[in-house]
Amino acid sequence: MSHQEKSFFLLIFAVFIWGASFLPTQWVLKYINSYELLFYRFLIASLVFFVIARKDILIHYKKTYFYGLITGFCMALAFIFQTIALTHTQSSNVAFLTGLEGIIAPFLCFFISKAKLSFKIFFLALLACFGMFLFSDANFNNFGKGEYLAIICAFFFALLVALNDKFLKSNDLNTFIFFQFLGSTIIYLISALSFANLSIIPISNSKVLMLILISALVFTIFCFFAQNYAQKHLHPSKVALILLLEPISAGILGSFFGETFTILQLLGAGLILIALAFS
């Protein structure tokens, strides 16, 4: 199996894990603020990943730390804008507008790293985003603050894809990921201190702590390693399209807990899969 094939299937597996993370994350947020959750999640991920990859990090940190931190800041800002957007509008609108990263990413990659931009890539991205619109069942009768914040979120996610594409190919993967986690941790710490009452009380709950550890080890270390590994070998536009599978995977899991899909939602999921198959 080639590196491209491994990257493709590894990233799809990671995206389905991210989709499965919605339900446990919703439960944890009953006991801990979202900024605290993100801070503890990425702090633990940073510490554990340093232990795992410390040899590579100590060798390559001088060359790589700046690029990793920049992408970490970008990733953190995307999640923060998404979190704030969810407090101002319905989740389906945020899901669709975040999916616009699939259209934005190819253009940013073209301007930042001169990645090839073809009509086929743009058409498939547009098709996938239309599929996302149908699947998310979004409603834009009152386009307001939440929607604008979600578009900013999509921009930062697309920028993350573009910057990863530019920086990963010339930097050590493990070192890059560590500083990406560290950069995110710094932003989340500032956010938690500014917008929440950061404390150690939430992690004194054993069930909450266990889910934070799972979030750090599986949803963060494994899944972001998979995304960064994939971006070393796949075209960034294909990565952006694969990431659109996340809400579909969340919906598939939700169907086991009583959630149902309309014909239009199934059609939307089909369009996303078609776009991915021909990308």
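Right above here is the structure, for reference.
Parameters and conventions
- Along each chain, the written sequence defines residue order, and numbers are assigned to residues from 1.
- In view of the model being predicted, local features appear only for residues whose pLDDT reaches at least 70, and side-chain atom pairs are presented and counted only at 80 or more, with totals across whole chains, interfaces and linings using the full set of residues.
- Values shown for side chains rest on all heavy atoms present in the structure; no hydrogens or waters enter the calculation.
- The term nonpolar core refers to a set of buried residues drawn from Ala, Val, Leu, Ile, Met, Phe, Trp, Tyr and Cys, joined through side-chain atoms within 4.5 Å.
- For each residue, the accessible area found with a 1.4 Å probe, counting protein chains only, is set against the maximum for its type, and the residue is called buried under 20%, exposed over 50%, and partly exposed in between.
- Only DSSP runs of H or I with at least four residues qualify as helices, and only runs of E with at least two residues qualify as strands; both kinds are numbered from the N terminus onward.
- It only takes one pair of heavy atoms within 4.5 Å for two residues to be counted as in contact.
- Think of a salt bridge as a Lys or Arg side-chain nitrogen and an Asp or Glu carboxyl oxygen that are within 4 Å of each other.
- Axis lines are fitted through C-alpha atoms, for helices just across the contact stretch, and the angle between N-to-C directions can take any value from 0 to 180 degrees.
- Definitions for this section: a left-handed crossing has its near helix turned counterclockwise from the far helix by less than a right angle. A right-handed crossing has that turn clockwise.
- Polar here means any residue outside two lists: the nonpolar Ala, Val, Leu, Ile, Met, Phe, Trp, Tyr, Cys and Pro, and the charged Asp, Glu, Lys and Arg; Gly therefore counts as polar.
- By definition in this entry, angles of less than 35 degrees are roughly parallel, angles greater than 145 are roughly antiparallel, angles of 65 to 115 are roughly perpendicular, and the rest are oblique.

1. A closer look at the nonpolar core
And then number 1: Counting 92 residues, the largest nonpolar core has F181, Y188, I242 and L245 as its most contacted members.
And then number 2: Counting residues per element, this core draws most heavily on helix 3 (residues 34–86), at 19 residues.
And then number 3: Ignoring sequence-local partners within four residues, the contact set of F181 consists of F42, A45, S46, F49, T220, I221 and F224.

2. Concerning the pattern of salt bridges
And then number 1: For the structure shown, the criterion picks out 1 salt bridge.
And then number 2: For the salt bridge of K169 with D165, the shortest nitrogen-to-oxygen distance reads 2.8 Å.

3. Quick word on the packing of helix 7 (residues 145–168) against helix 8 (residues 173–195)
And then number 1: Closest axis-to-axis distance for the helix 7/helix 8 pair is 11 Å, and the angle between their directions is 145°. In terms of crossing hand, the pair formed by helix 7 and helix 8 is right-handed. Contacts between helix 7 and helix 8 involve L160, N164, F167 and L168 from the former and L173, F176 and Q180 from the latter.
And then number 2: The residue makeup of the contact of helix 7 with helix 8, split by class, is 5 nonpolar, 2 polar and no charged.

4. Some words on the packing of helix 5 (residues 101–113) against helix 7
And then number 1: Running from amino to carboxyl end, helix 5 crosses helix 7 at an angle of 40°, the nearest separation of the two axes being 8 Å. Comparing their axes, helix 7 and helix 5 come out oblique. Seen along the crossing, helix 5 lies across helix 7 with a hand that is right-handed. Listed contacts from helix 7 to E101, I104, A105, L108, C109, I112 and S113 of helix 5 are A154, F155, F157, A158, L159, V161, A162, L163, D165 and K166.
And then number 2: Its residues placed into classes, the contact of helix 5 with helix 7 shows 13 nonpolar, 1 polar and 3 charged.

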